[in-house]
Amino acid sequence: MLEPKTTELTNDLIEKIQQAKQFLEQASRVACFSGAGLSADSGVATFRDSETHALWSQFDPMELASPEGFADNPRRVIDWYNWRREQLSNVEPNPGHTALAKQRDLVQITQNVDDLLERAGLDTKRILHLHGTITHDHCNHCGYSEAVELSQSPSYRFCKKCHQGEMRPSVVWFGESLPDEAWRQADQLCRNIDVLMVVGTNASVYPAAGLIEIAKRHGASVVIVNTQASDASHLADIELIGKSGVILPSLLEGLQLNSF
Ligand code: APR
């Protein structure tokens, strides 16, 4: 497991973490909304973050993460996701995932398609994957779904059930709608919590990012964990600037958070 340097816990940050801890201790209902920054400390590339070789700075999202891109060149899309799957098979959950996974009753609303929260031990019932999951493919004709082996995921293929459709990654592409049930639960939860933790997201992609405004509008306090300002900074009651792999273990230590 990658251990981000805890020397980044400056006195100022420790003080702010203590403030945020008080918010959380006083809250009866909490949820966590996360993005690619949560997995960055595991070595997984983010999408548009300036600090890393962000995916969208190297590749064209519309070519690789859209129905049109898949229709235009399905083999290129499958090969790109299989490259990401191979990367994912070689990384581990970081201390941020582990700290969140210890919170057995805290619902994780995540934009991430990786399985690092699951691998950190969190029950899948507690994880709402708003943008789907890279661990499965499904048929674009009959919907048949199958898990893929991340380290050796299959190349472009037709559905073995209906023999008509093509198998595609079960992630939400640009222009596609979010999974109904995951969105319904996330939206409902964000209207009924006291604190929303917002971890490692630029908060620039809707409708997911809209959950922060929904929570705020319904009276929740917002605690952001990010290495830099984001499109949600103006909504923050407390903004903890630093790596989630460093901040979350300190922030959540000794707490037992609940979403219900
Ligand atoms: N700890 C905390 N935050 C971090 C870290 C870290 N170690 N490293 C990077 N970040 C922050 C960046 O500052 C940035 O705000 O994580 C955020 C990553 O932003 P994006 O790359 O835009 O990722 P995300 O917000 O998850 O994107 C949302 O966009 O492309 C789509 O479907 C894709 O789910 C994704 C969605």
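So, how was this worked out
- Residues numbered from 1 in each chain as written.
- Predicted model: local features only at pLDDT ≥ 70, side-chain atom pairs only at ≥ 80, totals over all residues.
- Heavy atoms only, no water.
- Near = heavy atom within 4 Å.
- Polar contact = N/O pair within 3.5 Å; in protein donor to acceptor, adjacent residues only side chain to side chain.
- Areas by Shrake-Rupley, 256 points an atom, 1.4 Å probe, with all protein chains shown as cover.
- Nonpolar A, V, L, I, M, F, W, Y, C, P; charged D, E, K, R; others polar.
- Domains from an automatic or database assignment.
- Helix = DSSP H or I, 4+ residues; strand = E, 2+ residues; numbered from the N terminus.
- Buried < 20%, exposed > 50% of the residue type's maximum accessible area, 1.4 Å probe, protein only.
- Axes fitted to C-alpha atoms, helices over the stretch in contact; angles between N-to-C directions.
- Parallel < 35°, antiparallel > 145°, perpendicular 65-115°, else oblique.
- Left-handed = near helix turned anticlockwise from the far one by under 90°.
- Contact = heavy atoms within 4.5 Å.
- Pairing = 2+ DSSP bridges.
- Expected span 1.5 Å × (residues − 1).
- Salt bridge = Lys/Arg side-chain N within 4 Å of Asp/Glu carboxyl O.

A few words on the site of the ligand. In the vicinity of the ligand lie 23 residues, with Phe47, Arg48, Trp56, Thr201 and Asn226 positioned nearest. Between the ligand and the protein, one listed contact pairs an oxygen atom with a side-chain N or O atom of Arg48 at 2.7 Å. One nitrogen or oxygen atom from the side chain of Trp56 is found 2.8 Å from an oxygen atom belonging to the ligand. Protein chains bury 96% of the 740 Å² of accessible surface belonging to the ligand in isolation. Per-class residue counts for the shell around the ligand are 6 nonpolar, 13 polar and 4 charged. Of the residues that make up the shell around the ligand, three or more belong to each of domain 1 (9-44 + 93-131 + 178-260) and domain 2 (45-90 + 132-171).

Note on placement: Ser177 falls in the loop between strand 6 (167-171) and helix 9 (180-190). Look at Ser177 and you get exposed, because its relative accessible area is 63%. Between the alpha carbons of Ser177 and Pro207 there is a distance of 9.1 Å; along the sequence they are 30 residues apart.

Moving on: the packing of helix 1 (residues 11-26) against helix 11 (residues 244-252). Two numbers describe how helix 1 lies on helix 11: the axes approach to 9 Å, and their chain directions differ by 50°. The angle between helix 1 and helix 11 falls in the class oblique. Read as a crossing pair, helix 1 and helix 11 show a hand that is right-handed. Note on element contacts: helix 11 touches helix 1 through Ile247, Ser250, Leu251 and Leu252, opposite Leu13, Ile17, Ala20, Lys21 and Leu24. For the contact of helix 1 with helix 11, a count of residues per class yields 7 nonpolar, 1 polar and 1 charged.

We now examine the sheet that holds strand 5 (residues 145-147). Taken together, the 3 strands give an open sheet; going across it, the order is 5-4-6, and neighbouring strands pair in antiparallel fashion. Edge positions in the sheet fall to strand 5 and strand 6, since each has one partner strand and no second. With direction set aside, neighbouring strand axes in the sheet form an average angle of 40°. By the bridge criterion, 4 bridges tie strand 4 (residues 132-139) to strand 6 in an arrangement that is antiparallel.

To continue, consider helix 6 (residues 74-89). Every α-helical turn comprises 3.6 residues, leaving residues that sit three or four positions apart pointing alike. Look at helix 6: 22 Å from first C-alpha to last across 16 residues, which is about the 22 Å you get at 1.5 Å a residue. Here helix 6 has its buried residues at Pro74, Val77, Ile78, Trp80, Tyr81, Asn82, Arg84, Arg85 and Leu88. Residues of helix 6 that are buried sit in contact with helix 3 (55-58), helix 4 (61-64), helix 5 (67-72), helix 8 (116-119), strand 4 and strand 6.

Partitioning the protein chain into structural domains gives domain 1 (9-44 + 93-131 + 178-260) and domain 2 (45-90 + 132-171). Look at where the C-alpha atoms of domain 1 and domain 2 centre, and you get two points 26 Å apart. The partner domain 2 presents 16 residues to the 19 residues of domain 1 that form the contact. Across the contact surface, domain 1 and domain 2 share 0 salt bridges. Our enumeration of links across domain 1 and domain 2 arrives at 3 residue pairs in polar contact (both at pLDDT 80 or more). Mapped onto the side of domain 1 that touches domain 2, the elements with two or more residues apiece are helix 2 (37-40) and helix 8. Among the residues forming the side of domain 1 that touches domain 2, the class breakdown is 7 nonpolar, 9 polar and 3 charged.

Looking now at the packing of helix 9 against helix 10 (residues 210-217). Two packed helices can be described by the angle between their axes and the distance between those axes. As a packed pair, helix 9 and helix 10 sit with axes 8 Å apart at the nearest point and diverge in direction by 30°. Where helix 9 abuts helix 10, its residues Trp183, Ala186, Asp187 and Cys190 lie against Leu211, Ile214 and Ala215. Per-class residue counts for the contact of helix 9 with helix 10 are 6 nonpolar, no polar and 1 charged.

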